[in-house]
Amino acid sequence: MSDNQSLLESLPNEILMETFEYLDARDLFRGFYNLNSRFNELLQSLNEICLILSIRDRDEVIDNGIFLPYIRTLIVKYKTDVILNHFTTIRRLILICLPYTRPYQLETAILPHLEYLSIILKCSFSVFLINRLHEPIFSNSFPCLKFCSLPQTSTIQKTERWTKLLSLRTLKVGHIGLFTYIGILSTCPNLNFFYFLEEKVLQTLTVLPQYVNHENLKRLVIKDKYIGPISHVGILNEYLLCVPNLEYLSIHVTTYHMRNLQYLFEFDWLSSIISIHLPLLCQFNFYLPIFRTKRINKFFDENTFNKLQQRFKIMHKKQYQSQLIINRKNFQYSQCYESTDSSDSSDDQLSCLVED
């Protein structure tokens, strides 16, 4: 045993610190804390100590753990009961499968250093519980938050409690409407990347909202976008009106509302809206899912896809890098088309990805 201890202590600090980052925080401190001053200093200088809690840790008492002040990443899985205020030094928090009745009381958590928050749900939640998750975020309870990913199954609505959230740079949320979209842009003036799902109810503007001019948003991803006949592109015009400096736009549409697919051959593939609102756009991706049904099969064959390819190229005229990615649901393969002729582009591989 003494030989092993001598061999371990002979290693340089750099190797020891890299090794420690692969160990569980509890085992790390139980094995090395208070052995000597050198190990104490090494443990206290670690910047990436991670603690993972799951159901098997439910009965373990960690309230007074000596390692708690040094935890930087906390991952909580599968409805494990935990008091977040015991981890006030964490910078990254990942919550997977929250408990139904008490989602970690996020609204009362004091996490002044939190920079990264990801919440993953495997089931549907009530609107009340979802509100308890997003209210503390948009009311600036976490002043250092830079990255936030909320459940895609959720629906968010702006409330009067929302205040400025200056630190946020990346935001992924579930279904939102136009008023909430504008509310988020107003609340997060430094947002750089925004990913959301369009509210499933077809939106019509009965009362014009007060639009914002968000100068810092560069990347926008819209999923579940409704694209109907040529005269109905939803409220995409209003979305883009708020983000004049956008450089990357990705639209993921759904075919669930498509009753006559012939309009795709008359569709301008959003080129007119883009030319009006996005003078700085560098890349545009359009994801189109095609489902195999008897009705669809009457319209779509290889010749049909070739025609859509030509239409897409003509509409965007190589003004920016643009890609039409067709996902053939239940077909044997997926095919994609580009509006540029650069076959050696590093983004070509991306254009062949299948996005559900």
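The rules behind the values
Residues numbered from 1 in each chain as written. Predicted model: local features only at pLDDT ≥ 70, side-chain atom pairs only at ≥ 80, totals over all residues. Heavy atoms only, no water. Helix = DSSP H or I, 4+ residues; strand = E, 2+ residues; numbered from the N terminus. Buried < 20%, exposed > 50% of the residue type's maximum accessible area, 1.4 Å probe, protein only. Contact = heavy atoms within 4.5 Å. Areas by Shrake-Rupley, 256 points an atom, 1.4 Å probe, with all protein chains shown as cover. UniProt positions renumbered as here; feature names shortened; annotations may be inferred. Axes fitted to C-alpha atoms, helices over the stretch in contact; angles between N-to-C directions. Parallel < 35°, antiparallel > 145°, perpendicular 65-115°, else oblique. Left-handed = near helix turned anticlockwise from the far one by under 90°. Nonpolar A, V, L, I, M, F, W, Y, C, P; charged D, E, K, R; others polar. Phe/Tyr/Trp six-rings, centres within 6.5 Å; stacked < 30°, edge-to-face > 60°.

Novice: Is there a simple way to explain the overall build of the chain in this structure?
Specialist: Along the chain, the regular secondary structure elements total 10 helices and 12 strands. Out of the 356 residues in the chain, the part that is buried amounts to 50%. Across the chain, the fraction of contacts at a sequence separation of at least 24, relative to all contacts at a separation of at least 6, is 61%. Accessible surface for the chain amounts to roughly 18,400 Å². Of this, 51% is attributable to carbon and sulfur atoms.

Novice: I would appreciate a short explanation of the UniProt feature "transmembrane region" (unreviewed entry) in the chain in the present structure.
Specialist: As annotated by UniProt and renumbered to match this structure, "transmembrane region" (unreviewed entry) occupies residues 269-288. The span residues 269-288 is 35% helix and 30% strand, and its two end C-alpha atoms sit 11 Å from each other.

Novice: Is there a simple way to explain the packing of helix α3 (residues 25-32) against helix α4 (residues 37-45) in this structure?
Specialist: Between two packed helices, both the angle of their axes relative to each other and the distance between the axes serve to describe the pair. Two numbers describe how α3 lies on α4: the axes approach to 10 Å, and their chain directions differ by 160°. Between α3 and α4, the interaxial angle falls into the category roughly antiparallel. In this structure, α3 meets α4 at a crossing whose hand is left-handed. Residues L28, F29 and F32 of α3 touch α4, and the partners they reach there are F39, N40 and L43. For the contact of α3 with α4, the residue count by class is five nonpolar, one polar and no charged.

Novice: Would you explain the packing of aromatic side chains in this entry?
Specialist: Here a ring pair, both rings aromatic, is described through the centre-centre distance and the interplanar angle of the planes. By the definition in use, this model includes 17 aromatic pairs. Ring geometry for F20 against F32: centres 4.9 Å apart, planes inclined by 45°, an arrangement best described as tilted. You can see F20 sitting in helix α2 (residues 13-20) and its partner F32 sitting in helix α3, a full 12 residues away along the chain. Both residues of the pair, F20 and F32, count as buried. When the ring of F20 is compared with that of F39, the centres are 6.3 Å apart and the planes differ by 45°; the resulting orientation is tilted.

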